[in-house]
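So you can see what is in the structure, the chains are spelled out below.
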Amino acid sequence: MTALLVLSLVLVAVAATGVVLTERPERQAVTLSAFGLTLVLLLMMLQAPDVALSELGIGAAVVPLMVMLTIRTIHKDHHDRDGS
Amino acid sequence: MSRTARLLLFAAGASVLAATFVAGTFGMPEFGGSEHLYRDLAVPAAVAHHTANVVSAVNFDQRAIDTFGEETILIASTLGAVTLLRPSREETVRRPPDLGHTLESTRLVGYLLLPLMLMLGADVVLHGGITPGGGFQGGVILATGLHILYVTGSYPTLDRLRPTGPFRAAEALGGAAFGIVGAAGLVGTGAFLDNFLPFGSFGQILSTGTVQVLNIVVGVEVVGSIVVLLGAFFEQEISVRKRSEASR
């Protein structure tokens, strides 16, 4: 059990570092989603399925989707301005 | 304020925070230990109210007022985000364009997943009192499940399937119903958000009194909130254009 716990903690740390080291924001949305999934694993290991479910919905799906849509809207606005 | 003054202010605050944090951390029970004061109080209280999911008992019974506050925060933040994202005077909303080609297999998986996600979400909401999950988690699953239609490339269908009006109403009604259930407890037993409904047999879906009712109410509110929130983001991305471009 402890080994699995350490493994999932390391996974979270690696994924979080990955998010920080991702340079382009649109790619960051994807690494953020992966980071959310490692958090879900950790929370399952800590026997907190309720929190894991919330994290799965919010951290791995809704927030990355919002980031992605925001970035696309900003790009679109830039494109429009450059075009006119 | 000068740079030095700001640094001094920061150092003063940070050192107090660091000292209390370190002292507090060393005073905590060991990680993974078997001594849990809160558990020893919360678990018997949950069992006394026939709520098998102790987390739900804490969220919707023992500390329901905290959840009421959180639901109010959710409504307020959704309202704020939607207000910021509404089309401005220089922008115009047009009919959502066809998003073009999507792989057949992606569409197939999407259409198969849609009913499954909706069923799973409803299941998680309704069993909130007895198994992991509850109104919030189930509501998020329901709301994100609907948006699978976007992945299948049928944004117009998604747009038709989730008219914002009813979902806005659901958000407001869910939030209000939480307060009404709380007030009913106040009238019935003299305590706000008291679990005043009769309990059933332990582990059954209708065993938990108001926990079950509040889970459903929160589920309705969360579905409304997330759909309205994501809807505003989608609208900005897909159907809102600057006026000058639309008239071209």
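Everything below is about the structure shown above.
Scope of this entry: the structure provided in the associated data block. (Residues numbered from 1 in each chain as written. Chains lettered and ligands numbered in written order. Predicted model: local features only at pLDDT ≥ 70, side-chain atom pairs only at ≥ 80, totals over all residues.)

## Some details on the packing of helix α1 (residues 2-21) of chain A against helix α2 (residues 25-45) of chain A
All names here are of chain A. It is the contact of α1 with α2, at a shortest axis distance of 9 Å, that shows an interaxial angle of 165 degrees. With respect to each other, α1 and α2 are oriented roughly antiparallel. The two elements α1 and α2 meet at a crossing, and its hand is left-handed. Taken together, the residues of α2 that come into contact with α1 (itself represented by Leu4, Leu5, Ser8, Leu9, Leu11, Val12, Ala15, Ala16, Gly18 and Val19) are Gln28, Thr31, Leu32, Ala34, Phe35, Thr38, Leu39, Leu41, Leu42 and Met45. In the contact of α1 with α2, the residues fall into 15 nonpolar, 5 polar and no charged. (Axes fitted to C-alpha atoms, helices over the stretch in contact; angles between N-to-C directions. Helix = DSSP H or I, 4+ residues; strand = E, 2+ residues; numbered from the N terminus. Parallel < 35°, antiparallel > 145°, perpendicular 65-115°, else oblique. Left-handed = near helix turned anticlockwise from the far one by under 90°. Contact = placed C-beta atoms within 7 Å. Nonpolar A, V, L, I, M, F, W, Y, C, P; charged D, E, K, R; others polar.)

## Notes on the interface of chain A and chain B
Tallying the contact residues gives 16 residues for chain A and 18 residues for chain B. Tallied by class, the residues present in the side of chain A that touches chain B amount to 8 nonpolar, 5 polar and 3 charged.

## Quick word on the environment of leucine 11 of chain A
Residues and elements named next belong to chain A. When you line up the elements, leucine 11 lands in helix α1. Looking at leucine 11, the number of C-beta atoms within 10 Å reads 17, which means it is partly exposed. Taking the C-alpha atoms as reference points, leucine 11 and leucine 42, separated by 31 residues in sequence, lie 8.6 Å from one another. Sequence-distant contacts of leucine 11, that is, excluding residues within four places in its chain, are made with Thr38 and Leu41. (Buried ≥ 20, exposed ≤ 12 C-beta atoms within 10 Å, placed from the backbone.)

## Some words on the nonpolar core
Of all hydrophobic cores here, the largest spans 40 residues; its most connected members are Ala143, Leu214, Val222, Val223, Ile226 and Val227 of chain B. Going through the elements one at a time, α3 (54-62), α4 (64-85), α5 (104-126), α6 (135-146), α8 (155-161), α9 (164-189) and α10 (210-239) of chain B are the ones with two or more residues in this core. Setting aside residues up to four positions removed in sequence, valine 227 of chain B forms contacts with Ala143, Leu146, Arg162 and Phe167 of chain B. Counting residues in each nonpolar core, the second largest holds 12 residues, with Val40, Leu42, Leu53 and Ala60 of chain A among its members. (Core = buried A, V, L, I, M, F, W, Y, C linked by C-beta atoms within 7 Å.)

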